[in-house]
Amino acid sequence: MKKNGEETVTPIKNMKVIQRNDFQNFTLDSVLLADFVKINRKTKKILDIGTGCGIIALLLAQRSKAQITGIELQETMAEIAIRNINGNKFENQVKIINEDIKNYEDIFNRDEFDTIVTNPPYFEFTGDISQTNNLEQLANARHNINLTLEEIIKISSYLLKNMGSFSIVFRSERLVEVLSLLQKYNLEPKRMKNCYTKWNENSKICLLEAIKDAKKGFSIEMPIFVYDENGGRSEYVENLYK
């Protein structure tokens, strides 16, 4: 089927989220990450890097009273995110910026945020264009072409307050790389969840939280199973959408 820019509306948590079929649509990964993020009374400002259609910002807005900023490089996606924020009546809580996060020093202040979240492109770009999607916007969303994992982590460390939290979802195969980069930029890994998409197979997705300038101490939490033994969606995953 040709991707022609058709808009769809996805219901989730009593919200309606607009998406386009020729741009990256949100997946379970973003929903899992929004649920994984810890929020408390000290969480006043949140940044969502690569907000896409705004799904993580929307879900966090439902869970908190924090002021949330979503930054998105692609103009079309930023416009859709703004429509989603306004359409679900979170315009007083969530702000969308159409900018390149690599200009962070011109956009934000150092140590500005209590929490940063990101669902970055999953795959490392090796320079082989044949490995990417023929739609540029989808290739950029799935591969580290414009923004590397190290750049995201370095920028997040700069923008986080002392003891601020950084939460990320990524392919489990990149765990060693992520842990190394976090410690390189003074983000101490604190807790992790593995996500299993199929029974009797290895984890495909990992959720991880790090704290800026924290002491050492790491916990691996109970895993997430997307499907139960009978092949149906698990109760936990079903409840993420209700």
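All values derive from a computational prediction rather than experimental measurement. Here the residue numbering is sequential within each chain, running from 1 through the sequence in written order. Two thresholds apply to this predicted model, a pLDDT of at least 70 for residue-level local features and 80 or more for giving and counting side-chain atom pairs, whereas whole-chain, interface and lining totals are computed over all residues. To get the side-chain values, all heavy atoms of the structure are used, and hydrogens and water are removed first.

Chemist: Whenever I open this one, unusual backbone geometry confuses me. Can you help?
Modeler: It is generally the case that most residues other than glycine have a negative phi and that most peptide bonds are trans. The phi angle at D111 is positive, at roughly 60°, despite the residue not being glycine. Inspection of the secondary structure assignment puts D111 in the loop between α4 (104–107) and β6 (113–118). With relative accessibility at 35%, the residue D111 sits in the partly exposed group. Located in the positive-phi region is N200, a residue other than glycine, with phi close to 65°. Strands are runs of DSSP state E lasting at least two residues, helices are runs of H or I lasting at least four, and both sets are numbered from the N terminus onward. Summarising the element assignment, N200 is placed in the loop between β8 (187–196) and β9 (205–212). Relative accessibility decides the category of a residue: with a 1.4 Å probe and only protein chains considered, values under 20% of the type maximum give buried, values over 50% give exposed, and everything between is partly exposed. You can call N200 exposed: its relative accessible area is 80%.

Chemist: It is not clear to me how the side chain of Q93 should be interpreted in this structure. Could you clarify?
Modeler: In this structure, Q93 sits in the loop between α3 (75–87) and β5 (94–98). For the purposes of these results, a polar contact is taken to be a pair of N or O atoms within 3.5 Å, where, inside protein, one atom must be able to donate a hydrogen and its partner to accept one; residues adjacent in sequence count only when each atom of the pair is a side-chain atom. Of note is the side chain of Q93, whose polar atom sits 3.0 Å from the backbone oxygen of A66. Any two residues whose heavy atoms approach within 4.5 Å at even a single point are treated as in contact. Ignoring any residue separated from it by four or fewer positions in sequence, one finds Q93 in contact with A61, S64, K65, A66, Q67 and I68.

Chemist: Sorry, what's going on with α3 here?
Modeler: Working note: α-helix, 3.6 residues per turn, so residues spaced by three or four point in the same direction. In this analysis, the expected span of each helix is defined as 1.5 Å times one less than the number of residues it contains. Spanning 13 residues, α3 covers 18 Å between terminal C-alpha atoms, matching the ideal 18 Å at 1.5 Å per step. Listed as buried for α3 are M77, A78, I80, A81, N84 and I85. Each buried residue of α3 lies within a common arc of 160° when the element is viewed along its axis, so the set occupies one face. Pointing more than 90 degrees away from the buried face of α3 are the exposed residues E75 and G87. Summarising the contacts, the buried residues of α3 are in contact with β2 (15–20), α2 (55–63), β4 (67–72) and β5. Directions are taken from the helix axis to each C-beta atom, and the arc is the one they span.

Chemist: Explain the nonpolar core here, please?
Modeler: A general trend in soluble globular proteins is that nonpolar side chains are found buried together. Nonpolar core, defined: a set of buried Ala, Val, Leu, Ile, Met, Phe, Trp, Tyr and Cys residues in which side-chain atoms within 4.5 Å join the residues together. In terms of nonpolar packing, the biggest core is built from 41 residues, with I12, L33, I55, L60 and V94 touching the most fellow members. Among the secondary structure elements, those contributing two or more residues to this core are β2, α1 (28–36), α2, α3, β5, β9 and α8 (235–241). If one sorts the elements of this core by residue count, α2 sits on top with seven residues. For I12, the residues in contact, after removing those within four places along its chain, are V17, F26, V31, I55, L59, L240 and Y241. Listed in part, the 29 residues of the second largest apolar core include I152, L182, L187 and C206.

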